[in-house]
Amino acid sequence: MQKGIHPENYRLVAFKDMSNEDVFITKSTADTKETLEVDGVEYPLVKLEISRTSHPFYTGKAKLLDTAGRIDKFKNKYKKFAKPSKQEE
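Every value quoted in this text rests on a predicted model; they were computed, and no experiment measured them. (Residues numbered from 1 in each chain as written. Predicted model: local features only at pLDDT ≥ 70, side-chain atom pairs only at ≥ 80, totals over all residues. Heavy atoms only, no water.)

Participant: What should I look at first to understand the pattern of salt bridges in this one?
Facilitator: Scanning all chains against the criterion turns up two salt bridges. Taking the shortest distance from any N to any O, the salt bridge between Glu 21 and Lys 16 comes out at 3.0 Å. Using a relative accessible area of 46% as the deciding quantity, one classes Glu 21 as partly exposed. For Lys 16, a relative accessible area of 18% translates into the label buried. Ionic pairing is found between Lys 47 and Glu 34, a salt bridge with its closest N-O pair at 3.2 Å. One end of the pair, Lys 47, is in strand E4 (residues 41–48); the other, Glu 34, is in the loop between strand E2 (23–28) and strand E3 (35–38), and 13 residues separate them in sequence. (Salt bridge = Lys/Arg side-chain N within 4 Å of Asp/Glu carboxyl O. Buried < 20%, exposed > 50% of the residue type's maximum accessible area, 1.4 Å probe, protein only. Helix = DSSP H or I, 4+ residues; strand = E, 2+ residues; numbered from the N terminus.)

Given below as structure tokens:
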């Protein structure tokens, strides 16, 4: 391991998944101004949108996107810019 390239300020930090309120504590150098009390101990808090407890790959629950509706919406939006086909001329 090279000397002088790794941070020295590791500390225990609470990471909170905002989608399911799961909290886990690990060492990190992440900078934050918020704190969270866990089991009577106050930790710096980092909020996450998704973590291992809510990610579809780990939970096995895939989210279905309405791709057909999105494609139709796109086509309708840009229909006015389409060049007329030879059949319409």
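Participant: Is there a simple way to think about the environment of Tyr 43 in this case?
Facilitator: Here Tyr 43 is to be found in strand E4. Take Tyr 43: its relative accessible area is 14%, and that puts it in the buried class. In sequence terms Tyr 43 and Arg 11 are 32 residues apart; their C-alpha atoms lie 9.1 Å from each other. Discounting residues that sit within four places of it in the chain, Tyr 43 has contacts with Leu 12, Ala 14, Ile 25, Glu 34, Thr 35, Leu 36 and Val 38. (Contact = heavy atoms within 4.5 Å.)

Participant: Would you explain the packing of aromatic side chains in this entry?
Facilitator: Any aromatic ring pair is given by two values, namely how distant the centres are and how the planes are angled relative to each other. Inspection of the entire model under this criterion finds three aromatic pairs. Here the aromatic rings of Phe 15 and Phe 24 are separated by 5.5 Å at their centres, their planes lie at 15°, and the arrangement is stacked. Look at Phe 15 and you get buried, because its relative accessible area is 12%. Both rings, one in Tyr 78 and one in Phe 81, keep their centres 6.2 Å apart while their planes meet at 40°; by these two values the pair is tilted. Under the relative-accessibility criterion, Tyr 78 is labelled partly exposed at 38%. Three or more aromatic residues joined by ring pairs form one cluster here, namely Phe 74, Tyr 78 and Phe 81. (Phe/Tyr/Trp six-rings, centres within 6.5 Å; stacked < 30°, edge-to-face > 60°.)

Structural measurements only, silent on function.
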